[in-house]
Amino acid sequence: MAAVLRRRSGLWGERILPKLKPDQIAEFFARLERANPNPRGELDYINPYTLLVAVALSAQATDVSVNKATEPLFKIVDTPEKMLALGEARLKDYIKTIGLYNTKAKNVMALSRILVERHGGKVPEDRETLQTLPGVGRKTANVVLNIAFGQPTIAVDTHIFRVGNRTGLAPGKDPLAVELELEKRVPEKYRLHAHHWLILHGRYVCKARKPECARCIVADLCAYPAKTTLADVPVKPKRAAAANSGGRDRPSDAQKKAAAKRKPPAKRNPVAKRRGG
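On a predicted model such as this, the values are computed, not experimentally measured, just so you know. (Residues numbered from 1 in each chain as written. Predicted model: local features only at pLDDT ≥ 70, side-chain atom pairs only at ≥ 80, totals over all residues. Heavy atoms only, no water.)

**Looking at the overall build of the protein**
Scanning the protein from N- to C-terminus turns up 15 helices and zero strands. Across the 277 residues that make up the protein, the buried fraction comes to 40%. The long-range share in the protein, meaning contacts at least 24 apart out of those at least 6 apart in sequence, stands at 61%. When the accessible area of the protein is evaluated, it comes to approximately 16300 Å², of which 54% is carbon and sulfur surface. (Helix = DSSP H or I, 4+ residues; strand = E, 2+ residues; numbered from the N terminus. Buried < 20%, exposed > 50% of the residue type's maximum accessible area, 1.4 Å probe, protein only. Contact = heavy atoms within 4.5 Å. Areas by Shrake-Rupley, 256 points an atom, 1.4 Å probe, with all protein chains shown as cover.)

Structure follows, in structure tokens:
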């Protein structure tokens with residue numbers, strides 16, 4: 001399982017690096033804070049319940065695809081009671097563009113029923129209780145606690161797992177190990193927003209296949225040895241050749257004639273030959 005996660009996170013073949021020092025970690029987050037003082041998640045929601053639903057739907061799906069599905073859904077459903085009134089079949093119509101929508105619909109209906117029957121329609125504010133809900137794991141619970149209730153939890157997804165290992169910020173063999181390491185090593189003043197800073201950094205800068213180190217604001221602190229440069233940005237060969245040659249690589253008239261002579265003669269159409277005869 002750990003090997004699969006490392007491959008999905010873009011860490012396949014990368015060795016686990018030494019940890020950053022405490023002063024480096026403090027500077028790491030100070031820079032992320034200066035660049036984005038008030039980070040926020042990219043899932044749209046109205047209240048803790050709709051956030052819980054959105055996060056549950058986002059498993060193995062993009063935030064963009066979830067937002068497209070939930071925009072019309074949340075206009076008519078913003079409580080577990082309304083979700084139960086909507087029903088599973090109609091819920092599927094709203095979320096059928098999201099992967100695994102059949103299973104997710106069953107889980108959303110089941111967790112909504114439990115919230116109504118056991119919690120007065122309210123979303124619990126502790127991780128253990130949240131994790132008893134269908135389709136809610138530790139990562140989903142941490143996201144809800146952080147965003148909806150302002151708790152300094154860190155939900156380790158594939159992006160945070162990659163950044164934690166690749167930079168030396170919080171190396172670990174699995175998400176739980178990285179989460180616990182981050183909880184110990186991230187300064188308290190940065191812990192509330194650490195989750196968002198690291199996700200956004202992994203999603204848009206420290207990418208899986210080719211990290212954009214040339215525009216990374218913490219590149220000098222990062223322990224990653226194979227940093228990329230601007231020269232590593234792919235450019236289309238034809239466009240690059242034209243830009244570098246200034247047109248000097250265009251074939252001359254003599255070269256065009258020589259190329260034409262090398263072409264095999266075109267085959268005559270036998271039907272046309274009979275008509276001409």
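More follows now that the structure is in view.
**Some points on the pattern of salt bridges**
By the definition in use, this model includes 15 salt bridges. The partner of Asp63 in a salt bridge is Arg203, with the nearest N and O atoms 3.4 Å apart. One end of the pair, Asp63, is in helix H4 (residues 63–76); the other, Arg203, is in helix H12 (residues 191–204), with 140 residues separating them in the sequence. The exposure class of Asp63 is buried, given its relative accessible area of 16%. According to the relative accessible area criterion, Arg203 is partly exposed, its value standing at 23%. (Salt bridge = Lys/Arg side-chain N within 4 Å of Asp/Glu carboxyl O.)

**Points about the packing of aromatic side chains**
Scanning all chains against the criterion turns up four aromatic pairs. Relative to Phe29, the ring of Phe28 has its centre 5.6 Å away and its plane inclined at 55°; by these criteria the two rings are tilted. Residue classification places Phe28 among the buried residues on the basis of a relative accessible area of 0%. Of the residues examined, Phe29 reaches a relative accessible area of 0% and is grouped as buried. Judged by centre distance (6.2 Å) and plane angle (65°), the rings of Tyr190 and Trp197 are edge-to-face. Judged by relative accessible area, which is 3%, Trp197 ranks as buried. In textbook terms, an aromatic cluster arises when at least three aromatic residues are bridged by ring pairs, as seen for Phe28, Phe29, Tyr190 and Trp197. (Phe/Tyr/Trp six-rings, centres within 6.5 Å; stacked < 30°, edge-to-face > 60°.)

**Digging into the environment of Lys189**
By the element assignment, Lys189 lies in the loop between helix H11 (175–185) and H12. Classification of Lys189 by relative accessible area gives exposed; the value is 64%. For the pair formed by Lys189 and Pro152, sequence separation is 37 residues and the distance between their alpha carbons is 9.8 Å.

**Structural notes on empty space enclosed by the protein**
Enumeration over the complete set of coordinates arrives at one cavity of 30 Å³ or more. The computed volume of the largest cavity comes to approximately 100 Å³. The class makeup of the residues in the lining of the largest cavity is nine nonpolar, two polar and three charged. (1 Å grid on protein atoms, 1.4 Å probe; cavity = no way out; pocket = protein on both sides within 12 Å on 5 of 7 lines; lining within 4 Å. Points joined across faces, edges and corners; volume = space filled by probe spheres on them. Nonpolar A, V, L, I, M, F, W, Y, C, P; charged D, E, K, R; others polar.)

**Quick word on the layout of surface pockets**
Computed from the structure, the largest pocket encloses a volume of approximately 1300 Å³. For the lining of the largest pocket, a count of residues per class yields 22 nonpolar, 14 polar and 10 charged.

**Here we look at the side chain of Asn165**
Here Asn165 lies in helix H10 (residues 158–167). Within the structure, the side chain of Asn165 is placed 3.0 Å from the backbone nitrogen of Gly172, a separation counted as a polar contact. (Polar contact = N/O pair within 3.5 Å; in protein donor to acceptor, adjacent residues only side chain to side chain.)

**Some thoughts on the packing of helix H2 (residues 22–35) against H12**
Two numbers describe how H2 lies on H12: the axes approach to 11 Å, and their chain directions differ by 80°. As far as their axial angle goes, H12 and H2 are roughly perpendicular. Residues Phe28, Phe29, Leu32 and Glu33 of H2 lie in contact with H12, whose contacting residues are Ala194, Trp197, Leu198 and His201. Residues belonging to the contact of H2 with H12 are distributed by class as follows: six nonpolar, one polar and one charged. (Axes fitted to C-alpha atoms, helices over the stretch in contact; angles between N-to-C directions. Parallel < 35°, antiparallel > 145°, perpendicular 65-115°, else oblique.)

**Considering the nonpolar core**
The biggest cluster of nonpolar side chains holds 33 residues, and the ones touching the most others in it are Tyr49, Leu52, Leu73, Met83, Leu91, Leu130 and Leu133. At the level of secondary structure, the elements contributing two or more residues to this core comprise helix H3 (48–57), H4, helix H5 (80–86), helix H6 (88–95), helix H7 (101–119) and helix H9 (138–149). For this core, the element with the highest residue contribution is H3, accounting for seven residues. If sequence neighbours within four positions are ignored, Leu73 has contacts with Met83, Leu86, Leu91, Tyr94 and Ile95. Listed in part, the 27 residues of the second largest apolar core include Val156, Ile160, Cys206 and Val218. (Core = buried A, V, L, I, M, F, W, Y, C linked by side-chain atoms within 4.5 Å.)

**Here we look at the environment of Gln151**
Along the polypeptide, Gln151 turns up in the loop between H9 and H10. On a C-alpha basis, the gap between Gln151 and His193 in space is 9.7 Å, while along the polypeptide they are 42 residues apart. Among all residues touching Gln151, those that are not within four sequence positions of it are Glu125, Leu145, Asn146 and Leu192.

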